[in-house]
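Chain residues, written in single-letter form:
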Amino acid sequence: MSLALVTGATSGIGLAFARELARRGDDLVLVARDVDRLGALADELRAAGRTVHVVPADLATRDGVARVTASICELRIDLLVNNAGSSIGKFFGDTDVAAEDAQLDLMVKAPMDLMAAALEVMRPRRSGQILNVASIAAFTPRGTYSAHKAWIVNLSQWMNIQYAREGVVTTVLCPGFVRTEFHQRMGVDPSDVPGWMWTSTNQQVRGALADLAKGKPISIPTLRYKVLGTFARYAPAGLVAAVAKKGRKIAE
C-alpha cells in the first residue's frame, strides 16, 4: 500500500487520478482549493476503504505551496501527482501581466517546489514516483501555456535520467484534448474541436500510470496523440504553429 498526493484532485484529470489510485489500493492526500469538493471526494474514497488526508490549498500562493510541501515531508508520500493547473484563455501580449505572474507561480514554481520536497523524502529511501501533468501543447509554440508545459516536460525528462538510478522515477503526462471543466473555466468554447481529438480522463490516467510503472519519461496515451506529438516535436516550428492554429481556433 502506498500514499499518493494529487494536486487539483477535485475535477478533471486530477479527480480521475484520485479515483483510480484509490481503486488500485493507494491511500490519498488530496489537494485543491474547493473545500466542499475536497470533503465530498474524501468521504467517497473513505467509504471505499481508503485513508484520505485533505489539504485545502491555492498553489498560486506561497502559503498554499508551503502547506502542501509540509504535508509531503510529514506524511512521507510515495507518489506525487502534479496535476493542478489552469489557463488564461488569451495569448501573451493580450493578457494582464499580473495574471501571467499568477500562472507562472501555479504552473512552474509550485510543481518545482513540490518536486523538491518529494525528492527530499524519496531519495534517502531510494524509492518513489513523480507524475507531472503537462500537455501535448508543450511541443507547440502557443504562448505562455505551452512554454510552462514545455518547461515541466524538460525538467521531468532530466529528473528521470538523473534520479531513476536512485530509485525515484519521474514521468510526464502529455494529454491532448480531454473532456473536463478546463475550457469552461478559462471561458472558451471548444465546440470547433473535431470529435476524434477528444479523449477521456480514464484513458489519460490509466495510460500515464502504466507508463510510470514502466519507467517511461514521457507518456502520451492514445495512438492519435502519439502521432501528433511526434509531428509537433520534429516538424518545423512555423509549420507546427500554423497547424495548431488551424486546428484549434479557440482563445483567439
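Here the structure is a predicted model, which means the values were calculated and not measured.

Asks: Could you give an account of the sheet that holds strand 5 (residues 128-133), with specific residues and numbers?
Replies: An order of 3-2-1-4-5-6-9 is seen for the seven strands of this open sheet, with the pairing classed as parallel. Each edge of the sheet is formed by a strand with only one pairing partner; in this case those strands are strand 3 (52-56) and strand 9 (218-219). Sheet strands touched by helix 3 (residues 62-75): strand 1 (3-7), strand 2 (27-32), strand 3 and strand 4 (79-82). Its angle to strand 3, the strand with the most contacts, is close to 155°.

Asks: Report on the packing of helix 1 (residues 12-24) against helix 2 (residues 35-47), specifying residues and quantitative values.
Replies: Relative to each other, helix 1 and helix 2 sit at 20°, their axes nearing to 10 Å. Of the possible angle classes, the one that applies to helix 1 and helix 2 is roughly parallel. In terms of crossing hand, the pair formed by helix 1 and helix 2 is right-handed. Contacts from Leu15, Ala18, Arg19 and Ala22 of helix 1 reach helix 2 at Leu41, Glu44 and Leu45.

Asks: Before we move on, can you summarise the packing of helix 3 against helix 4 (residues 97-125) with the specific residues and values?
Replies: If you want to describe how two helices pack, look at the angle between their axes and the distance between the axes. Their axes nearest at 9 Å, the elements helix 3 and helix 4 cross at an angle of 20°. As far as their axial angle goes, helix 4 and helix 3 are roughly parallel. Once helix 3 is placed against helix 4, the crossing between them reads as right-handed. For the pair formed by helix 3 and helix 4, the contact residues are Arg62, Val65, Val68, Thr69, Ile72 and Cys73 on the first element and Lys109, Ala110, Asp113, Leu114, Ala117, Ala118, Glu120 and Val121 on the second. Looking at side-chain class alone, the contact of helix 3 with helix 4 contains nine nonpolar, one polar and four charged residues.

Asks: Please provide a residue-by-residue account of the pattern of salt bridges, values included.
Replies: Considering all chains together, one arrives at twelve salt bridges under this definition. Here arginine 206 ties to glutamate 20 by a salt bridge, and the two come within 3.5 Å at their closest N and O atoms. With arginine 206 in helix 7 (residues 201-213) and glutamate 20 in helix 1, this residue pair connects regions lying 186 residues apart in the sequence. Since its relative accessible area comes to 47%, arginine 206 is described here as partly exposed. On the basis of relative accessibility, which here comes to 10%, the residue glutamate 20 falls in the buried class. Between lysine 216 and aspartate 211 there is a salt bridge; the shortest N-O distance is 3.6 Å. Residue lysine 216 is classed as partly exposed on the basis of its relative accessible area, which comes to 37%. Beyond isolated ion pairs, a larger network of salt bridges with shared partners links Glu20, Arg23 and Arg206.

The rules behind each value
Residues numbered from 1 in each chain as written. Predicted model: local features only at pLDDT ≥ 70, side-chain atom pairs only at ≥ 80, totals over all residues. Heavy atoms only, no water. Pairing = 2+ DSSP bridges. Helix = DSSP H or I, 4+ residues; strand = E, 2+ residues; numbered from the N terminus. Contact = heavy atoms within 4.5 Å. Axes fitted to C-alpha atoms, helices over the stretch in contact; angles between N-to-C directions. Parallel < 35°, antiparallel > 145°, perpendicular 65-115°, else oblique. Left-handed = near helix turned anticlockwise from the far one by under 90°. Nonpolar A, V, L, I, M, F, W, Y, C, P; charged D, E, K, R; others polar. Salt bridge = Lys/Arg side-chain N within 4 Å of Asp/Glu carboxyl O. Buried < 20%, exposed > 50% of the residue type's maximum accessible area, 1.4 Å probe, protein only.

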